[in-house]
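Residues per chain, in single letters:
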Protein chains: 2
Amino acid sequence: MLCEGPTIILVEPQLGENIGMVARAMANFGLGELRLVNPRDGWPNEKARAAASRADHIIDGVAVFASLADAIADLNFVFATTARPRDNFKPVRGPTEAAQALHGRFARGEKTGILFGRERWGLTNEEVALADEIVTFPVNPAFASLNIAQAVLLMSYEWMQQTGAGVKPPEHDLTPATKQHLESLISYLDEVLEARGYFRPADKKPRMLENLRALFTRPRFTVEELGVLRGVLASLERFSPKNPRGAGAPEERTRPGEQD
Amino acid sequence: MLCEGPTIILVEPQLGENIGMVARAMANFGLGELRLVNPRDGWPNEKARAAASRADHIIDGVAVFASLADAIADLNFVFATTARPRDNFKPVRGPTEAAQALHGRFARGEKTGILFGRERWGLTNEEVALADEIVTFPVNPAFASLNIAQAVLLMSYEWMQQTGAGVKPPEHDLTPATKQHLESLISYLDEVLEARGYFRPADKKPRMLENLRALFTRPRFTVEELGVLRGVLASLERFSPKNPRGAGAPEERTRPGEQD
């Protein structure tokens, strides 16, 4: 299931390392089918396999073609990737939009492909003309060089992004402690800080207590977090450098909110 | 204008080529500031410059740090990238969502960063603990290896993709204190709790300290909130019911983090 999706077609790739990096990027994002048109150094290519970093299933399945027309003969819809929009009246898409379009076609049973040009100078106008539409990447105009492995990575990433098939990060859904738990902490602080002269002058106490409540409410601490916090406060309250925990103080056995 | 945005921080990168590819990926998508923590082969590194493929402005501006804490001291908000979600209660975002959050913070004038780990084994739990939230990539679970240059490329790409897109307002409108401020609180707690025998048994101390850091990192306290918190802790640490504040204790005049 994770090896369906558009076929990646590299036109006259030069370096085996790049072919391998392309295979690795495809594997990262669940694409499986790689085709090469006239790879400069022939095929198979051991440098490609080494750079593929165990994406052997893709390297083993590579098909080599003598012409681009042959390589796309069985496909229903083809995107060409270019660094700049060309003057040839084809629709130009961004990667996200292109991935959405590819998913739509995939769902209808179409076979699709994405063309990537040579390392040095990309695709010729004749090659772009064989495609249906163009994809360009929203790169910094002042620094637009993107190598083919990076371009394949971005398209593969967008393919998987639009699939929802990747590992979805779990929702961060921490349950805040109940208000009763929180109020227990505030009462405790009120008591131990009062005993230490923290609330001074006395007429400022309501305002200071309000600040404390705001401070400990905003983070929406969990029960576990409140436990750790209580342990820290209790350690400062009950022990001192001269009488540390474990020095025989009777409180030790009943110390609340102990963290371990 | 195209060189604003989050700082990229590589923790103990090994290969100069990767550092160069990272610089190139940043340049492609308009990021400009690269920091290195203890690069294995030192700095400057000619292999990095060669691989950067003329992203010289980024290579020339690289800053090297002896510790991750130093490298993020001036930042308000930090993402850690990890291959897998970790068990440490930090929110986990996808790249798109993370880029939106970074834009929101950028618009408010916050300094942000994204951490990337070593080629072989990423970030340690202690390093992840220094970050506010986690980014993971939606990779094929069967083939999840993503090299650091690719990971930086995807985050840089998403940063540019989300430029001008619906900027996601952060959940609250408070600027987190810098990491330096936060670390100062953690160091203080380490010291005063150590003196009280809090970290017991001794071999659990690293884990307990990590819990404390997580506890005080997650709320993204503001400078003002850290001040109030420090005042509470200092009150418990320095005073007692028998010797409250205002009873003539010499510490009173130098009590830090005083609230009022």
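One structure accompanies this document, and this report is about it. (Residues numbered from 1 in each chain as written. Chains lettered and ligands numbered in written order. Predicted model: local features only at pLDDT ≥ 70, side-chain atom pairs only at ≥ 80, totals over all residues. Heavy atoms only, no water.)

## Topic: helix H5 (residues 95-107) of chain B
1) Next: Compared with the 18 Å implied by 1.5 Å per residue over 13 residues, the 18 Å span of H5 of chain B between its first and last C-alpha is a close match.
2) Next: Within H5 of chain B, burial applies to Pro-95, Ala-98, Ala-99, Leu-102, His-103, Gly-104 and Arg-105 of chain B.
3) Next: Of the surrounding elements, those touching the buried residues of H5 of chain B are helix H7 (148-163) of chain A together with strand S4 (77-81), strand S5 (92-93), strand S6 (112-116), strand S7 (133-135) and helix H7 (148-161) of chain B.
4) Next: In the stretch just after H5 of chain B, Gly-109 of chain B is the one whose phi turns positive, near 90°. (Helix = DSSP H or I, 4+ residues; strand = E, 2+ residues; numbered from the N terminus. Expected span 1.5 Å × (residues − 1). Buried < 20%, exposed > 50% of the residue type's maximum accessible area, 1.4 Å probe, protein only. Contact = heavy atoms within 4.5 Å.)

## What to know about the pattern of salt bridges
1) Next: Taken as a whole and judged by the stated rule, the model has 36 salt bridges over all chains.
2) Next: In this structure, Arg-105 of chain A engages Glu-110 of chain A in a salt bridge whose closest nitrogen and oxygen atoms are separated by 2.9 Å.
3) Next: Put simply, Arg-40 of chain B and Asp-41 of chain B hold a salt bridge, and the shortest N to O gap is 3.1 Å.
4) Next: A relative accessible area of 44% places Asp-41 of chain B in the partly exposed class.
5) Next: One network of salt bridges, in which partners are shared, links Glu-33, Arg-35, Asp-74 and Lys-111 of chain A. (Salt bridge = Lys/Arg side-chain N within 4 Å of Asp/Glu carboxyl O.)

## Points about the pairing of strand S2 (residues 34-37) of chain B
Residue and element names in this part refer to chain B.
1) Next: Of the two faces of S2, the one holding Leu-34 and Leu-36 and the one holding Arg-35 and Val-37 are both buried throughout.
2) Next: Pairing analysis gives four bridges linking strand S1 (residues 7-11) to S2, with the strands arranged parallel. Bridging from a neighbouring strand, Leu-10 pairs with Leu-36 of S2.
3) Next: Looking at chain direction, S2 and strand S3 (residues 63-65) are connected through three bridges and run parallel. (Pairing = 2+ DSSP bridges.)

## Considerations on the interface of chain B and chain A
1) Next: Listed per partner, the contact involves 78 residues of chain B and 74 residues of chain A.
2) Next: Summed over both sides, the interface of chain B with chain A buries roughly 6600 Å², with 59% coming from carbon and sulfur.
3) Next: Our enumeration of links across chain B and chain A arrives at two salt bridges.
4) Next: The salt bridge involving Glu-225 of chain A is made with Arg-218 of chain B; its shortest N-O contact spans 2.6 Å.
5) Next: Connecting chain B to chain A are 20 residue pairs in polar contact (both at pLDDT 80 or more).
6) Next: When residues of the side of chain B that touches chain A are traced back to their parent elements, those giving at least two are helix H1 (16-28), S5, H5, H7, helix H8 (179-195), helix H9 (205-217) and helix H10 (223-238) of chain B.
7) Next: When residues in the side of chain B that touches chain A are grouped by element, the largest group, nine residues, is from H10 of chain B. (Buried area = accessible area lost by both parts, 1.4 Å probe. Polar contact = N/O pair within 3.5 Å; in protein donor to acceptor, adjacent residues only side chain to side chain.)

## Things to note about the sheet that holds S6 of chain B
Residue and element names in this part refer to chain B.
1) Next: Pairing in this open sheet of seven strands is parallel, and the strands run S3-S2-S1-S6-S4-S7-S5 from one edge to the other. Two strands bound the open sheet, and with one partner strand each, they are S3 and S5.
2) Next: With four bridges connecting them, S1 and S6 associate as parallel partners. Looking at S6, one finds that Ile-9 is bridged to Leu-115.
3) Next: Helix-sheet contacts for H1 involve S1 and S2, and the interaxial angle to S2 is about 155°.
4) Next: Here H7 sits on the sheet in contact with S1, S6 and S7, set at roughly 155° to S6. (Axes fitted to C-alpha atoms, helices over the stretch in contact; angles between N-to-C directions.)

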